[in-house]
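Commentary on secondary and tertiary structure
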Amino acid sequence: MRYPNFDGKHDQESMLKPEHFIEYMKSQSKTPDFKVPKGVILCYQRSLLTHIKKNHPTESCEGVISDLLYLKETNNEIAVIGGFGIGSPAASVMLEELIACGVKEFISIGTAGTLQKDVQIGDLILCNRAIRDEGTSHHYLPTEKYAHSSKNLTERLGHSLNKLGKPFKTGTTWTIDAPYRETIAEARHYQNEGVVTVDMEASALFAVAQYRGVEIAALFTVSDSLADLKWHPDFNNPKTLEGLETIYKAALQA
C-alpha cells in the first residue's frame, strides 16, 4: 500500500492552508497584529519553559499566537514557544502557523533517548538528519528514509555550542511518534546503523521546513537510554536539566 494513500498527492494543492487559519484567528482577536520575530525556539519541556520565564526577561505576545514569549535580551527579535504538545502532528501544526505569520528561522530544542552506549544522560546531540518513521512528513515530501536539517542554521548552532565550551555529538535521530510501539528489533537495527537518538518531532519539522522554504535546526539533550534495549528514564537527573539549559543558551546565541 502506498503512503499517502492518494496517488499523486504531492502534486495537489492544499484545501486548508495555514494562512487561512491565521486570518481567521486575526478576525476573532482584539489584538490581531503583533511583531513577527526573526526566529522562534520551539520548546517541549515544561521545566525548561519555567526556567526561561524565571531566569530570562520575557514579554507575552498579544495576538494570534498567544503562547509566544518574546525574549527581551534579544530586543524581542527572538521568541520561544511551548505548551503546544508533543509529537510530529502537534509540532508541525505550530510550525506551519508560525511560518504563515512570517517567521523564517526555527530551532527545536528538547530531550531525546539515546540508542548508543557511549552517549550518556545529559549529553548534547546536534541533529543533522532524521529517519522519517512518523506519518506527518510523508504528506509534505515524497517518501525517503531521511529528512535533513538546514545546513546553515545547524552549523551556526554548532558554533554556538563551541563558543559555550560544551562538547556535543552530531548525528542522526530516529523520529517516531508512537513511543509505545518502539520495538526492540527496531532499536537494535538503528543502533547498529549508528543512529544516535530517538525523538518524536525532528523528521516532520525538517520536512515541513523544506516544503515551506524556511530554516530549521534541532538540538537535544539525552534524558533516557535504550542502549541496552531496555528503557532507562532519567528525566529529572540534574545532568538532564543542565543539558536543557545549555541547549537553550546555544539556541539563543545561534
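Quick look at the structure, then.

Observations concerning the nonpolar core
The biggest cluster of nonpolar side chains holds 42 residues, and the ones touching the most others in it are V40, I65, L68, I81, L98 and F106. When residues of this core are traced back to their parent elements, those giving at least two are β1 (39–43), β3 (68–71), β4 (78–81), α3 (88–101), β5 (105–114), β6 (124–132), α6 (202–212) and β10 (215–225). Setting aside anything within four residues of it in sequence, one finds L68 in contact with F34, P37, V40, E59, S60, C61, A79, V80, I81 and L98. Core analysis: the second largest hydrophobic core is formed by 25 residues, C43, L69, L124 and L219 among them.

Side note on the pattern of salt bridges
Any two side chains of opposite charge can pair, so long as their charged atoms come close to each other. Taken as a whole and judged by the stated rule, the model has six salt bridges. Here D118 makes a salt bridge to K169, at a shortest N to O gap of 3.9 Å. One end of the pair, D118, is in the loop between β5 and β6; the other, K169, is in strand β8 (residues 169–175), with 51 residues separating them in the sequence. For D118, a relative accessible area of 53% puts it in the exposed group.

Looking at the packing of aromatic side chains
Taken as a whole and assessed by the stated rule, the structure comprises four aromatic pairs. Seen in terms of ring centroids, W231 and F235 are 6.3 Å apart; in terms of plane orientation they differ by 55°. Their pairing is tilted. Looking at W231, the relative accessible area reads 53%, which means it is exposed. Judged by its relative accessible area of 39%, F235 falls in the partly exposed class. The ring of Y146 carries R129 above its face, with NZ or CZ at 3.9 Å from the centroid.

Focus on the packing of helix α2 (residues 46–55) against helix α7 (residues 238–253)
Between α2 and α7, the shortest axis-to-axis distance is 10 Å and the interhelical angle comes to 60°. With respect to α7, the element α2 is oriented oblique. Every pair of crossing elements has a handedness; the one defined by α2 and α7 is right-handed. Contacts between α2 and α7 involve S47, L48, H51 and I52 from the first element and L241, L244, E245 and Y248 from the second.

Description of the packing of α3 against α6
Between two packed helices, both the angle of their axes relative to each other and the distance between the axes serve to describe the pair. Contact geometry of α3 with α6 gives a least axis separation of 9 Å together with a crossing angle of 25°. In terms of axis orientation, α3 runs roughly parallel to α6. α3 and α6 meet at a crossing whose hand is right-handed. For the pair α3 and α6, contact is made by S88, A91, S92, L95, E96 and I99 and by A204, L205, V208, A209 and R212, respectively. Here the contact of α3 with α6 is composed, by residue class, of seven nonpolar, two polar and two charged.

What to know about helix α5 (residues 184–193)
Among all positions in α5, only A187, Y190 and Q191 are buried. Relative to the axis of α5, the buried residues are bounded by an arc of 105° and lie together on one face. What points out from α5, more than 90 degrees from its buried face, is the exposed set A185 and N192. Here the buried face of α5 lies against β6 and β8. In the stretch just after α5, G194 is the one whose phi turns positive, near 90°.

About the cut-offs
- Residues numbered from 1 in each chain as written.
- Predicted model: local features only at pLDDT ≥ 70, side-chain atom pairs only at ≥ 80, totals over all residues.
- Heavy atoms only, no water.
- Core = buried A, V, L, I, M, F, W, Y, C linked by side-chain atoms within 4.5 Å.
- Buried < 20%, exposed > 50% of the residue type's maximum accessible area, 1.4 Å probe, protein only.
- Helix = DSSP H or I, 4+ residues; strand = E, 2+ residues; numbered from the N terminus.
- Contact = heavy atoms within 4.5 Å.
- Salt bridge = Lys/Arg side-chain N within 4 Å of Asp/Glu carboxyl O.
- Phe/Tyr/Trp six-rings, centres within 6.5 Å; stacked < 30°, edge-to-face > 60°.
- Lys NZ or Arg CZ within 6 Å of the ring centre and 35° of its normal.
- Axes fitted to C-alpha atoms, helices over the stretch in contact; angles between N-to-C directions.
- Parallel < 35°, antiparallel > 145°, perpendicular 65-115°, else oblique.
- Left-handed = near helix turned anticlockwise from the far one by under 90°.
- Nonpolar A, V, L, I, M, F, W, Y, C, P; charged D, E, K, R; others polar.
- Arc of directions from axis to C-beta.

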